[in-house]
Structure formats: C-alpha cells, structure tokens
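# Close look at the chain arrangement
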Amino acid sequence: ETITIQELANRMAERGVDVIKLLMRQGQMVKITDVIDADTAQLLAEELGHTVKRIAESDVEEGLFDTPDTDANLVPRPPVVTIMGHVDHGKTSLLDAIRHANVVSGEAGGITQHIGAYQVTAPNGELVTFIDTPGHAAFTAMRARGAKVTDIVVLVVAADDGVMPQTIEAITHARAAGVPLIVAINKIDRPDAKPERVRQELLQYEVQVESLGGETLEVEVSATKKTNLDKLLELISLQAELLNLRADPDRTAEGTVIEARLDRGRGPVASVLVQRGTLHVGDLVVGGSQWGRVRALIDDKGATIESAGPSTPVEILGFSGSPEAGDRVAVVETEARAREITEYRERQKREKAAARGTGARTSLVDMMTQLKAAARKEFPLVIKGDVQGSVEAIVATLEKLNTEEVAARVLHAGVGGITESDVTLAEASHAIIIGFNVRAHKEARNLAEQAGIEIRYYNIIYNLVDDVKAAMSGLLPPTL
Ligand code: GDP
C-alpha cells in the first residue's frame, strides 16, 4: 500500500512542505506528488505527533458485500437481461417493443419512465428485468468496475444483414463474462431476411443454435411487427430456470448503480438494480464514495414504492452526491459506518488518480506476480493480428504451451487494429493485449493508458510466444 506525500499531509492536516522537510532531513529528496510506502508514512506521521491507525480495505469494507445468504431463504429471482448486437440490428427497437407490448392500456402509471432498466411479465407470469442500455460498452464498463449485473445476453442479429463486427464483439464479451446467450434473429419481416444464413454464420463463432443441434436458445423476431416477443420472453424464463437464479429477499439489500444523475429539483438520483435482499425507504445506503438515507424509491412505471426486492430496478432519492454507474450499493447500520466507508473510498479514488501514470496496472510482469499471489492459473489475452493466418498460428502455438497448471486463455483473437472494444474487454477481464503487425487506434491507446492496460506489439511470432512462455512459467509453482 502506498500514499502520496500530499495525501498523507492532507490526512494529518499538516502542510506538505513540513512532511517534505522531514524526509529531506533523513536524506531523501522528494516531491509532493511522490509516493511513499505505508511504513514510511506511519513513521512520518508518528514523528509529527499523530497516532496512526492503519486500516486495510478488508477492515473498512468487511461484511459490506457478499455476506452469506441463509440457504433456506433463497427464492427464485427474475433474470436480468442485456440486449447486445451490431448497430442498427434493432436492439433499441426490441427493447421498446417488449416494454410497450407489456404495458396494459389504461393501466395506471402506464407511462414508462426511463430509469436504466425495466421489468416486464413473461407469458408464464414470471418477471424479466431488462437493462435499458443496449450494447456491450455499458455491459463491459460495469464489469470492469467489478459489477456483475447481467444474467443473460440476448444477441440481436438482423436477418437481412447477418453476423457483423459488433455481433462478434458481443459474443466475445458475453463469453468472457460467462453469461449465456439467447439468439434473437430480428427483422424477420423483411423480404430479404435470411435467418438460415445467420445461423450458419454464428457457427463460425462457436454459437450453435438449437435448430442446428446446438444448445443456444434462438427465436426469430420482428421488433417492428412485434412478432414472437412472447416467445423471446418464454425463452428467457426458460434460460433463467436453467441458471437456477436465486436470491434471499429477507436480508439487507445489495445492488449496483446502473446510472445516476443530478436532478435539479430532486438532487442526486441513482438508478439501482437491487440484487439481493430488499431495499426499504429509510435505509442507509452507500454507493461508491456517496451515501445517504433512502428518501424515496421510484419504480420503472414512475410509481413511488416502499421497498424493492431482488432483480428490481429502482430509483433512489436521498444520496448526498451522485454515485457512478457500476458502483455497488449496500445498506449499512449507522451514519458513522457510512462515512467511514465513503471517506475511505474517496481517498482511494484520489490515490488511484495520483498513482496513475506511474505505470500500467495490467502489465505482463504485474500479471505474473499477481496471478502467482492469487494462485490463479489463467493467463487472459486479447490478440489482434494483421492476417487471419498469423492470428490462427499464434493462438494455436499459445494453446500448445498450456499445461495442467497454467493456461493462456485467449478471450478474443481477431484481425485488424486494436480498438476501444478490445481494451474494454481486456480491462474487464484483466487481460493484456497483444498486437501482431498491427497498432492500436488512437482512442484505444488513450483508453488503455487510462485504464492501465498493457498493449504489447510484436512482429515475430517467436518473440511473442517466448514472452508469453516466460510469463506463464513464472506462474508455475516450483517443481518439488
Ligand atoms: P440498434 O442500433 O441496434 O438499437 O437498432 P435500432 O433499434 O435503432 O433499429 C435500426 C433500424 O432498424 C431502425 O430503422 C428500425 O426501425 C429498424 N428495425 C428494427 N427492428 C426491425 C424489424 O424487426 N423489422 C424491420 N423491418 N426493421 C426493423
């Protein structure tokens, strides 16, 4: 653990120069932005007459998330679905069609609100929750922040257009997250629709639909003609049953921020997906580095509600400031605890920002040490190359390096320059990116820099394989 001199001074309410002077007296030439380790920081603080209480993350956040459920209380919960697919294949149309088909005309509060997610009732009476932001960008951004929200991905492929680059990206992202796909072949109403071709093309990406003998659920739909929307909802319920999704509604709530904004009249408004437990008006919540007492809960129909159970999207009023999409939300007992957690996170955020630029977070060397420490035996990689032949050769060669103890896991291998999507994928899965005879696009480079993702460039396969081999052998436990 490290801290900048500025931050240490702030925390002690001392002047930065005084801390620097102290270090200089010990013969160290430092700047205010330099980073020092925890032990040095403690010595300095004590020297300046402060009592030091070192708090580890595990202490502050202890018991906040993922506390065990009581098995006896687990009941089925609605699946949470994200719609992905290529641009213009009908993701937004499908989301709208499903929502509107479900609004009973004349129903009170039938006007739907955009709160980042909504719930509908499947024909069998079961609820399904849809995340309202289609596409893999939001999905992966959340995952990069440690949030796992989606249970099922509906992959929309337009029957007149077939599998396109973002279709492939969506498959890759869903797979990396371990989330099952349901294929919705859209625009089936079009005279030039070729659903059979879509099924065939998907095979190339190892998505084998049921009608071709595979296990991936599929349905032909038309968002504009509202064809087979019920069938899609049925398939989602079926997939949910296979996944045996359960949650305990009788515990304190946990969830994830889907989106948040500052409303002029109402203050910070956070749309949260409740994932476990039940959230009540009056609960004290923390989300990212913000906290507050729930003043009101508003559902996706705009109705004010008293409580929200598992898989329910709800707007929370009462946060002191806006948390960020992907922040996890939990209920705490006391304001003191809420303050302790959020202040700690605020500090962490500042320190991370300060530490940024001092080096990539996911580098080959880091990965070696981290994976070693975590006793993890997987080596996630994203590989981009100039031609299909070399990409295939690289993947095949890397796979040969796999042993029982350690394996290179190629999340995505493709032809072309390194894109932003490659970087978000790498970030979400803590992978490194390898470019073979290709470069990263400017936006991708910037994003990688921000996110601390290492991009390695090669033009000789041998060198590439050698480096990966070296890194992988570093993971291997010493032979006895
Ligand atoms: P997105 O980019 O994936 O969200 O796609 P949109 O939902 O914006 O749809 C792109 C275009 O395809 C729009 O002009 C839609 O009207 C059209 N579209 C969407 N679904 C269908 C469909 O089922 N049939 C037909 N014929 N057109 C559709």
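The structure displayed is predicted, hence computed values, not measured ones.

The next subject is the site of the ligand. Near the ligand lie 15 residues; those nearest to it are Asp88, Thr92, Ser93, Asp189 and Ala223. Here an oxygen atom of the ligand and a backbone polar atom of Gly90 are 3.0 Å apart. A distance of 2.9 Å separates a nitrogen atom of the ligand from a polar side-chain atom of Thr224. Expressed as a share of its isolated accessible area of 580 Å², the protein-covered part of the ligand is 72%.

For the rest of this paragraph, the subject is the pattern of salt bridges. As a working rule, side chains carrying opposite charge can pair if their charged atoms are close by. Evaluated as defined, the whole model comprises 25 salt bridges. For Asp18, the salt bridge is made with Arg15, and the minimal N-O distance between the two is 3.5 Å. What makes Arg15 exposed here is its relative accessible area of 52%. Among the ionic pairs, Arg337 bridges to Glu340, the shortest N-O distance being 3.4 Å. Of this pair, Arg337 and Glu340 both sit in helix α10 (residues 335–355), 3 residues apart, which is roughly one turn of the helix. One network of salt bridges, with partners in common, ties together Glu196, Arg199, Glu218 and Glu220.

Next up on the list: the sheet that holds strand β6 (residues 127–131). One open sheet holds the 6 strands; their spatial order is β5-β6-β4-β7-β8-β9, and the pairing between them is mixed. Of all the strands in the sheet, just β5 (117–121) and β9 (217–220) have a single pairing partner and so form its edges. When strand polarity is set aside, the average angle formed by the axes of neighbouring strands in this sheet is 30°. As defined by bridge partners, strand β7 (residues 152–158) adjoins strand β8 (residues 181–186) across 6 bridges and the pair is classed as parallel.

Summed over the entire model, instances satisfying the criterion amount to 1 aromatic pair. Over the aromatic face of Tyr457 sits the side chain of Arg439, whose NZ or CZ is 3.8 Å from the ring centroid.

For helix α13 (residues 420–428), the tally of buried residues reaches 7 of 9 residues, placing the bulk of the element in the interior. Regarding α13, the residues found buried are Ser421, Asp422, Val423, Thr424, Leu425, Ala426 and Ala428. Where α13 is buried, its residues contact α6 (136–144), α7 (165–177), β20 (378–385), β21 (407–415), β22 (432–436) and α14 (442–451). Positioned one or two residues after α13, His430 has a phi angle of 50°, which is positive.

Looking now at empty space enclosed by the protein. With the rule as written, the count across this model stands at 1 cavity of 30 Å³ or more. Empty space within the largest cavity amounts to approximately 40 Å³. Along its surface, the largest cavity is lined by Ala253, Glu254, Gly255, Val272, Val274, Leu279, Val285, Val329, Ala330 and Val331. Mapped by element, the contributors of at least two residues to the lining of the largest cavity are β11 (254–263), β12 (267–276) and β19 (328–332). For the lining of the largest cavity, the element with the highest residue contribution is β19, accounting for 3 residues. When grouped by side-chain class, the residues that make up the lining of the largest cavity number 8 nonpolar, 1 polar and 1 charged.

What counts, and where the lines are drawn
- Residues numbered from 1 in each chain as written.
- Predicted model: local features only at pLDDT ≥ 70, side-chain atom pairs only at ≥ 80, totals over all residues.
- Heavy atoms only, no water.
- Near = heavy atom within 4 Å.
- Polar contact = N/O pair within 3.5 Å; in protein donor to acceptor, adjacent residues only side chain to side chain.
- Areas by Shrake-Rupley, 256 points an atom, 1.4 Å probe, with all protein chains shown as cover.
- Salt bridge = Lys/Arg side-chain N within 4 Å of Asp/Glu carboxyl O.
- Buried < 20%, exposed > 50% of the residue type's maximum accessible area, 1.4 Å probe, protein only.
- Helix = DSSP H or I, 4+ residues; strand = E, 2+ residues; numbered from the N terminus.
- Pairing = 2+ DSSP bridges.
- Axes fitted to C-alpha atoms, helices over the stretch in contact; angles between N-to-C directions.
- Phe/Tyr/Trp six-rings, centres within 6.5 Å; stacked < 30°, edge-to-face > 60°.
- Lys NZ or Arg CZ within 6 Å of the ring centre and 35° of its normal.
- Contact = heavy atoms within 4.5 Å.
- 1 Å grid on protein atoms, 1.4 Å probe; cavity = no way out; pocket = protein on both sides within 12 Å on 5 of 7 lines; lining within 4 Å.
- Points joined across faces, edges and corners; volume = space filled by probe spheres on them.
- Nonpolar A, V, L, I, M, F, W, Y, C, P; charged D, E, K, R; others polar.

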